Amino acid sequence: MKLESKIPDGPLAEKWERHKFNIKLVNPANKRKYDVIVVGTGLAGASAAASLAELGYNVKSFCFQDSPRRAHSIAAQGGINAAKNYQNDGDSVFRLFYDTVKGGDYRSREANVHRLAQVSVNIIDQCVAQGVPFAREYGGLLDNRSFGGAQVSRTFYARGQTGQQLLLGAYSALSRQVANGKVKLYPRTEMLDLVTIDGKARGIITRNLVTGQIESHSAHAVLLCTGGYGNVFFLSTNAMGSNVTAAWRAHKKGAHFANPCYVQIHPTCIPVSGDYQSKLTLMSESLRNDGRVWVPKKIEDAEKIRKGEMKPESIKEEDRDYYLERKYPSFGNLVPRDVASRNAKYVCDEGRGVAPTGLAVFLDFRDAIKRDGEDLIRAKYGNLFQMYEKITDDNPYETPMKIYPAIHYTMGGLWVDYNLMTSVPGLYALGEANFSDHGANRLGASALMQGLADGYFVVPYTIGDYIATLPTDKVPTDHPAFKEAEANVKANIDKLLSINGDKTVDDFHKELGKIMWDYCGMSRNAEGLKIAKEKVQKLRKEFWSNVKVLGGSEELNITLEKACRVSDFIELGELMIDDALMREESCGGHFREEYQTDEGEAKRDDDNFSFVAAWKYVGEEAQEELIKEDLIFENVKLTQRSYK
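These numbers come from a predicted model, not from an experiment.

S.K.: Quick question: what am I supposed to make of the sheet that holds strand S9 (residues 221-224) here?
M.R.: By way of backbone hydrogen bonds, the strands of a sheet pair with one another, either parallel or antiparallel. Spatially, 5 strands are ordered S5-S2-S1-S9-S17 in an open sheet, and the strand pairing comes out parallel. Edge positions in the open sheet fall to strand S5 (183-186) and strand S17 (427-429), since each of these has one partner strand only. Pairwise comparison of adjacent strand axes, ignoring direction, gives a mean angle of 20° for this sheet.

S.K.: Is there a simple way to think about the state of the cysteines in this case?
M.R.: What we call a disulfide is simply a covalent bond connecting the sulfur atoms of a pair of cysteines. For the structure shown, the criterion picks out 0 disulfides. Take Cys-261: it sits in no disulfide, and the sulfur closest to it among the cysteines is that of Cys-587, at 6.7 Å. We classify Cys-261 as buried; its relative accessible area is 0%. Not engaged in a disulfide, the cysteine Cys-269 finds its nearest cysteine sulfur in Cys-348; these two sulfurs lie 13 Å apart.

S.K.: Any chance you could explain the sheet that holds strand S11 (residues 263-269) here in plain terms?
M.R.: Here 5 strands make up an open sheet; going across it, the order is S11-S15-S14-S12-S13 and the pairing antiparallel. Every interior strand has two partners, whereas the edge strands, S11 and strand S13 (320-321), have only one.

S.K.: Any chance you could explain the packing of helix H4 (residues 93-103) against helix H5 (residues 110-129) here in plain terms?
M.R.: The description of two packed helices rests on the angle between their axes and on the distance between the axes. Following both chains from N to C, one finds H4 and H5 inclined at 135°, their axes separated by 8 Å at the closest point. The angle between H4 and H5 places the two elements in the oblique class. The two elements H4 and H5 cross, and the hand of that crossing is right-handed. Along the contact surface, H4 presents Val-93, Leu-96, Phe-97, Thr-100 and Val-101, while H5 presents Glu-110, Val-113, His-114, Ala-117, Gln-118 and Ser-120. Class assignment of the residues belonging to the contact of H4 with H5 gives a composition of 6 nonpolar, 4 polar and 1 charged.

S.K.: Teacher, can you tell me more about H5 here?
M.R.: Given 3.6 residues to a turn, an α-helix orients residues that are three or four positions apart in the same direction. Taking 1.5 Å per residue as the helical rise, H5 with its 20 residues ought to reach 28 Å, and the 30 Å between its terminal C-alpha atoms agrees with that figure. The largest bend along H5 reaches roughly 35° and is located at Ser-120. Of all the 20 residues making up H5, 15 are buried; the element is thus mostly covered by neighbouring parts of the structure. Count one or two residues on from H5 and you reach Gly-131, which has phi positive near 95°.

S.K.: When you look at the layout of surface pockets in this model, what are you seeing that I'm missing?
M.R.: Using a probe with the size of a water molecule, rolled over the atoms, empty space left in the structure can be pinpointed. There is about 780 Å³ of room inside the second largest pocket. What lines the second largest pocket is a set of 32 residues, among which Leu-235, Val-272, Lys-514, Trp-517 and Asp-518 lie closest to the centre. Within the residue set of the lining of the second largest pocket, elements represented by two or more residues are helix H10 (337-349), strand S15 (401-410) and helix H15 (505-520). Here the element with the most residues in the lining of the second largest pocket is H15; it accounts for 6 residues.

S.K.: Looking at this structure, how should I read the nonpolar core?
M.R.: Ile-80, Leu-223, Tyr-428 and Ile-463 are the most contacted members of the largest nonpolar core, which totals 181 residues. Look past the residues within four positions of Tyr-428 in its chain and what remains in contact with it is Ala-221, Val-222, Leu-223, Leu-224, Asn-419, Leu-420, Met-421, Thr-422, Val-459, Thr-462, Ile-463 and Tyr-466.

S.K.: Please explain the packing of aromatic side chains as it appears in this structure.
M.R.: Here a ring pair, both rings aromatic, is described through the centre-centre distance and the interplanar angle of the planes. The full count for this structure, using the stated rule, is 20 aromatic pairs. Ring centres of Phe-365 and Tyr-381 lie 6.0 Å apart, and the angle between their planes is 55°; on these two criteria the pair is classed as tilted. Placement of the pair is Phe-365 in the loop between strand S14 (361-364) and helix H11 (366-372) and Tyr-381 in helix H12 (residues 374-392), with a sequence separation of 16 residues. Of the two residues, Phe-365 and Tyr-381, neither departs from the other in class, the shared state being buried. Judged by centre distance (4.6 Å) and plane angle (45°), the ring pair of Phe-385 and Tyr-397 falls under tilted.

S.K.: Sorry if this is basic, but what is going on with the pairing of strand S8 (residues 214-218) here?
M.R.: On any regular strand, side chains alternate: one points to one face of the sheet, the next to the other face. Most of S8 is tucked away, with 4 of its 5 residues classed as buried. Sheet topology note: the strand S7 (residues 200-208)/S8 ladder contains 5 bridges and is antiparallel. When the bridges of S8 are listed, Gly-203 appears paired with Ser-218. The antiparallel pairing of S7 with S8 creates a hairpin that spans 5 residues between the two strands, and Gly-212 there sits at a positive phi of about 85°.

Basis of the calculations
- Numbering of residues begins from 1 in every chain and follows the order in which that chain's sequence is written.
- Predicted model: local features are reported for residues with pLDDT of at least 70 only, side-chain atom pairs are reported and counted for 80 or more only, and whole-chain, interface and lining totals are derived from all residues.
- Side-chain numbers here rest on the full set of heavy atoms in the structure, without hydrogens or water.
- In this description, strands pair whenever DSSP reports at least two bridges between them.
- Think of it this way: any DSSP run of H or I at least four residues long counts as a helix, any run of E at least two long counts as a strand, and we number them from the N terminus.
- Note on geometry: axes are lines fitted to C-alpha atoms, helical ones only across the stretch in contact, with angles between N-to-C directions running from 0 to 180 degrees.
- A pair of cysteine sulfur atoms is labelled a disulfide when the two atoms are within 2.5 Å.
- For every residue, the accessible area (1.4 Å probe, protein chains only) is compared with the maximum for its type, and the residue is labelled buried under 20%, exposed over 50%, or partly exposed between those bounds.
- Should an angle fall under 35 degrees it is taken as roughly parallel, and over 145 as roughly antiparallel, whereas 65 to 115 is taken as roughly perpendicular and any remaining angle as oblique.
- By definition, turning the near helix anticlockwise from the far helix through less than a right angle yields a left-handed crossing, and turning it clockwise yields a right-handed one.
- Every residue pair with non-hydrogen atoms within 4.5 Å of one another is taken to be in contact.
- When residue character is reported, Ala, Val, Leu, Ile, Met, Phe, Trp, Tyr, Cys and Pro are called nonpolar, Asp, Glu, Lys and Arg charged, and the others, Gly included, polar.
- What a helix should span is 1.5 Å times the count of its residues minus one.
- Take the seven residues that end at a residue and the seven that start at it, fit an axis to each, and the angle between those axes is the bend at that residue.
- Cavities and pockets were defined on a 1 Å grid built from protein atoms only: a cavity is a group of points that admits a 1.4 Å probe but offers it no way out, a pocket is an open group of points flanked by protein on both sides within 12 Å along at least five of seven lines, and a lining residue is one with an atom within 4 Å of any such point.
- Grid points are joined across faces, edges and corners, and a volume is the space filled by probe spheres set on the points.
- By nonpolar core is meant a set of buried Ala, Val, Leu, Ile, Met, Phe, Trp, Tyr and Cys residues that side-chain atoms within 4.5 Å join together.
- Side-chain rings of Phe, Tyr and Trp (the six-membered ring for Trp) are treated as a pair once their centres are within 6.5 Å; stacked means planes under 30 degrees apart, edge-to-face means over 60, and tilted covers the remaining angles.

Pasting the structure below:
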């Protein structure tokens, strides 16, 4: 099977404008005759639902939270990229495109990335018009700061609450359409299956999380804006409710899953402190603008710090190793996330980690406070410092933060073409739910950019190209395909409730997370991946024979919700391992220990692995089929990444 990416012809800079002219249109009167389902209300989902409703489509919007405002986009801290060049420091659309392709280690589509860079400039204008309170300079102009993988300042921000403020803007646009009657909102409602008729996506099956009722919803097109799958590792920076179920159930109905092994490890998280934790807390990458990353040069000094016998402030300057500045002088502390994360692991592996567990490095603001004053640092990062102090009981104005890498973002996701349509006609995937823009490693501050680009500026155009080919007739939810899907969902729930085993859902989730982190986490090797596959297959069998799910199906049942999600995580975990084992190279967040340079950097194999790995579901417990989409690079030269 060949994947049709539908990349337009013509020069890179003209592809999107040409495509917008050539795609089919739906006239305003006809838009009112079509229904669209949007699953998820984060930045991608809220912006898409609001934009499509504004155009005239009838939209149904679903979220499992009690309010769209609780979507996980709210947790993003540091900023959103855009190529406006307000700092007059050499930025441009092409430079943002180039930095993104390079940052993703040359494993993303040129055309998609360039479009993202083009529309980035419009996102800021849209959000300012909505009242998003971006930081401003003394003269009133919007301020910018730097993020990893770039030598320019292109990141717009609202202190450390950028995701929250952007989501409030999108939520206000969504709420306007709810009030106008163009969007019908379904909170506390989770998608549990995709319904296809004649090979096309025509609706979804949901469970009302309060009453337990299984319901069918039909539409002419379905948009999945359901985020990433980082919680397959149990401990991650994601909200505990974040899951892969909607995307995974769509995968089992024919939507190919692309590059699942591409997982981002964020370098600046508060370190793990015990087995009792259910999630990890991110400290924004923006902190690396002014904070300096270091560990003691001497192992004995690190040991004293771990034991509490020495304070970090007492270590002399000449005894500190600012290892990122030493190894990467051009980018310093602002190297991309995968590079910063691996180097933190290296120094901790050497015995120079500074937490009681040995798994932490310092992020120190001493020099910045001395240079700029505490008031300026407080104005920039005050809420982040406050959050850190509340969690750790350490004052980062007086002592360095302790940080360590943790699972954060997933670059893999449902395969989509240039129109953001999956391999199932009529099913679209937006934002982190798709694979399209970040290659093997996402640059910081680009997640918010992609979510809003997809929802505000891409899918409102491209969905018309598909809908224009459809009759306006609505599919009734008593169609046999809906009834069959409902029956399958109910049977799956009844099966989970009937097992009545000895181990809790969280027990299984934690065990899965440990397997994935140990063998398919920050670094992988063939031997470990084969061990992991056996362990996950064994865990899956045990789950379906020994999980204990309390309560019933026709009520609020948090344990049942978790069980449905964890069963999908286990299946996804096996596919991630297969993907990592197949990809015999290192690139971005996928680091195979067998494939590295003499200096410990990721070593790609462009001759054999310059492709998107799209996996096709072929049946229960069967090995999935690999379908390759070759990546063609006409505008950037494939080189070994260097940030030195």
